[in-house]
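Close look at the chain arrangement
What follows is the residue order along each chain.
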Amino acid sequence: MELIDGKKINAAMRLEIAEEVRKMVAEGKKRPNLAVIMVGDDGASATYVASKVKTCHEVGFESTDYQYPATATEAEILAKIEDINQNPEIDGLIVQLPLPTHISESKVIEAIDHRKDVDGFHPINTGRMAMGLPSYLPATPAGIIELLRRYNIETGGKNCVVLGRSNIVGTPISLLMSRKANPGNATVTICHSRTKNLKEVCASADILIVAIGQPEFVTADMVKPGAVVIDVGIHRMPSAETKSGFKLKGDVNFDEVAPKCSYITPVPGGVGPMTIISLLQNTLLAAQQKIY
Ligand code: NDP
């Protein structure tokens, strides 16, 4: 069994992106610039935003963080998005989700200029991805593809089972794994809460990608010997073993499943570190106008 080390790949990609920025600046071009809008004071969202802004600065990007109170109106947020859409200094824009319930997430996502939509959530980017056209890929699925690519894991002709069908992970990764590309060219089955014989379907997978949001759901009897297992889940679970009193766990029961696998992503340190770096990769592509 080999661990897929997302931290190591993240570190390599940071150096590559920083080198690209260095070259751009040496050629007299401006630094890539990412704008982040956050509404409300959700603790987890604030941590994610702080980490995105910090990583931007580490690779040499500019970034601007727009903080709004939870009472901000939808009109205010839409007006800020329009302002950023028109600002030629800003290459990429993300709005941290979830939003307070009085603001429509779909309206907000659709208001972002698709050429600045580095989260890859705008329907134009989603549609172009589905058609195999150049687009910004959503960060977590793009990170999974990068892990498979950099570990030279063969995906062509393999049975890939995706557990979960969310718009941000399950559905896009199933599209990417089935498209005519490498990594890709897999025969993909997508599972959800209405799937029958889930155990048997999972046990048929050469590559099992798990994004269902249920701690340690996947057990050894659901995994084929020699399978590649990608665990997207993140759960903060109470633990007597740590000082903090918490331990991060995935959607896969790692201790049981790992000995059966050829490759597996740990939690933490697998898919997680790839999400932020994929967002930065998209911002670099935006600044270099490589997609649009
Ligand atoms: P969602 O809750 O949006 O989707 C979960 C999916 O799993 C749904 O399609 C649901 O089916 C399916 N599902 C839930 N329970 C079962 C079950 N018992 N059997 C079969 N299918 C089931 O989750 P996300 O995709 O947003 O996230 C999944 C996990 O990944 C979470 O733990 C999240 O924290 C983590 N995550 C991690 C990221 C990272 O950077 N590492 C990034 C994004 C998410 P149905 O559609 O029928 O309801």
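Structure's up top.
Residues numbered from 1 in each chain as written. Predicted model: local features only at pLDDT ≥ 70, side-chain atom pairs only at ≥ 80, totals over all residues. Heavy atoms only, no water.

Here we come to the sheet that holds strand 3 (residues 62–68). Taken in spatial order, the three strands make up an open sheet running 3-2-4, and their pairing is parallel. At either margin of the open sheet sits one strand with a lone partner, and together these are strand 3 and strand 4 (92–95). Taken over all neighbouring pairs, the strand axes of this sheet differ in orientation by 15° on average, direction set aside. Here seven bridges tie strand 2 (residues 33–39) to strand 3, and the two strands are oriented parallel to one another. Residue pairing in the sheet places Met38 in a bridge with Gln67 of strand 3. (Pairing = 2+ DSSP bridges. Helix = DSSP H or I, 4+ residues; strand = E, 2+ residues; numbered from the N terminus. Axes fitted to C-alpha atoms, helices over the stretch in contact; angles between N-to-C directions.)

Another point: a nonpolar patch on the surface. Among the surface-exposed residues, Tyr48, Ile234 and Leu248 lie close enough to one another that they form a single nonpolar patch of about 280 Å² accessible area. Relative to the assigned elements, Tyr48 resides in helix 2 (residues 43–58). On the accessibility criterion, Tyr48 (44% relative accessible area) is partly exposed. (Patch = residues over 30% accessible without salt bridge, like charges linked within 9 Å, V, L, I, M, F, W, Y side chains within 5 Å. Areas by Shrake-Rupley, 256 points an atom, 1.4 Å probe, with all protein chains shown as cover. Salt bridge = Lys/Arg side-chain N within 4 Å of Asp/Glu carboxyl O. Buried < 20%, exposed > 50% of the residue type's maximum accessible area, 1.4 Å probe, protein only.)

Structurally, Asn125 can be placed in helix 5 (residues 123–130). By relative accessible area, Asn125 is classed as buried at 0%. Here Asn125 is in contact with His114, Asp117, Gly120, Ser135, Tyr136 and Tyr292, once residues within four sequence places are set aside. (Contact = heavy atoms within 4.5 Å.)

At their nearest, the axes of helix 6 (residues 139–150) and helix 7 (residues 170–178) sit 9 Å apart, and the two run at 35° to each other. Of the two possible hands of crossing, helix 6 and helix 7 adopt the one that is right-handed. Facing Pro141, Ile144, Ile145 and Leu148 of helix 6, the residues of helix 7 in contact are Pro172, Ile173, Leu176 and Met177. The residue inventory of the contact of helix 6 with helix 7, partitioned by class, reads eight nonpolar, no polar and no charged. (Left-handed = near helix turned anticlockwise from the far one by under 90°. Nonpolar A, V, L, I, M, F, W, Y, C, P; charged D, E, K, R; others polar.)

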